[in-house]
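Structural overview for review
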Amino acid sequence: MIETADEFVRLRNSQDPQECRRAADEASVQVWTEVVDRFPAERVGVVRNRTVPLAVLETLIEDPGTRVRFLVAMKRKLSPVLLERLAHDADESVRLRVALHGNTSEETLEPLRRDPWSEVRAAVEDRLGAGPR
C-alpha cells in the first residue's frame, strides 16, 4: 500500500522498474487527494491507477487538463451519474469517450445525438440505433 503522496510520486518517477510497478498499488483516498492537490503533474498517474476510488475520479472530472478528464472518462468503474457529468465536457474527445462507454445510460446518450462533433453523433447512433430524436 502506498502510504504518502511523496511515496507515490517517488515510485512513479523511479528508474527502477520494480518501484514503478509499485505505483500501481492501492492508497487511501487521503493519499490520492494529497497527490492531486500537491502534484498536479501526477494527476494522469492517479487516474491510471486501477485502484483509485470513485471519489477521487469524481474530483478529477473538473480537472483543467483535457488528458486527465479523457482518462477519467475511460475508467470502466465510472457510474452513470459521473458519465452524465462528463457528457457536458467542453472537449469533444471526452464526450466521445462518454458515448463509447458501456456504463453510459440511454438518458445521457440521447442529448449526445445532437453533439457538434460528427464522431460523437456516430458513436451514439452505433450504441442506440435510429431510435427517438
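Reference entry: report on the structure contained in this document. Nothing here was measured: the structure is a model prediction, and the numbers come from that model. (Residues numbered from 1 in each chain as written. Predicted model: local features only at pLDDT ≥ 70, side-chain atom pairs only at ≥ 80, totals over all residues. Heavy atoms only, no water.)

1. Re the overall build of the protein
When helices and strands are counted, the protein shows ten helices and zero strands. Moving toward the C terminus, one meets the helices and strands of the protein in the order α-α-α-α-α-α-α-α-α-α. Here the C-alpha coordinates of the protein stretch approximately 50 × 25 × 20 Å along the principal axes. The buried share of the protein, reckoned over its 133 residues, is 41%. Total accessible area on the protein stands at roughly 7,400 Å², and carbon and sulfur atoms take up 51% of it. One way to put it: in the protein the 21 positive side-chain charges average out to a point 3 Å from where the 24 negative ones average out. (Helix = DSSP H or I, 4+ residues; strand = E, 2+ residues; numbered from the N terminus. Buried < 20%, exposed > 50% of the residue type's maximum accessible area, 1.4 Å probe, protein only. Areas by Shrake-Rupley, 256 points an atom, 1.4 Å probe, with all protein chains shown as cover. Lys, Arg positive; Asp, Glu negative; His and termini not counted. Charge placed at Lys NZ, Arg CZ, Asp CG, Glu CD.)

2. Some thoughts on the environment of Glu-106
Tracing the backbone through its elements, the reader meets Glu-106 in helix H9 (residues 106-112). Of the residues examined, Glu-106 reaches a relative accessible area of 53% and is grouped as exposed. C-alpha separation for the pair Glu-106 and Phe-8, spaced 98 residues apart in sequence, amounts to 38 Å.

3. Focus: the packing of helix H6 (residues 66-73) against helix H8 (residues 92-100)
Where H6 contacts H8, the two axes come as close as 9 Å, and the packing angle between them is 5°. In terms of their interaxial angle, H6 and H8 are classed as roughly parallel. Judged by residue contacts, Thr-66, Arg-69, Phe-70 and Ala-73 of H6 engage Ser-93, Val-94 and Arg-97 from H8. Residues belonging to the contact of H6 with H8 are distributed by class as follows: three nonpolar, two polar and two charged. (Axes fitted to C-alpha atoms, helices over the stretch in contact; angles between N-to-C directions. Parallel < 35°, antiparallel > 145°, perpendicular 65-115°, else oblique. Contact = heavy atoms within 4.5 Å. Nonpolar A, V, L, I, M, F, W, Y, C, P; charged D, E, K, R; others polar.)

4. Focus on the layout of surface pockets
Estimated volume of the largest pocket: approximately 260 Å³. In terms of lining residues, the largest pocket is bounded by Val-47, Arg-48, Arg-50, Leu-71, Met-74, Lys-75, Arg-76 and Lys-77. In terms of residue class, the lining of the largest pocket is made up of three nonpolar, no polar and five charged. (1 Å grid on protein atoms, 1.4 Å probe; cavity = no way out; pocket = protein on both sides within 12 Å on 5 of 7 lines; lining within 4 Å. Points joined across faces, edges and corners; volume = space filled by probe spheres on them.)

5. Quick look at the nonpolar core
Core analysis: the largest hydrophobic core is formed by 38 residues, its most contacted members being Trp-32, Val-46, Leu-60, Val-72, Leu-86 and Leu-112. Ignoring anything within four residues of it in the chain, the contact list for Leu-86 reads Ile-61, Arg-69, Val-72, Ala-73, Leu-78, Val-94, Arg-95 and Val-98. (Core = buried A, V, L, I, M, F, W, Y, C linked by side-chain atoms within 4.5 Å.)

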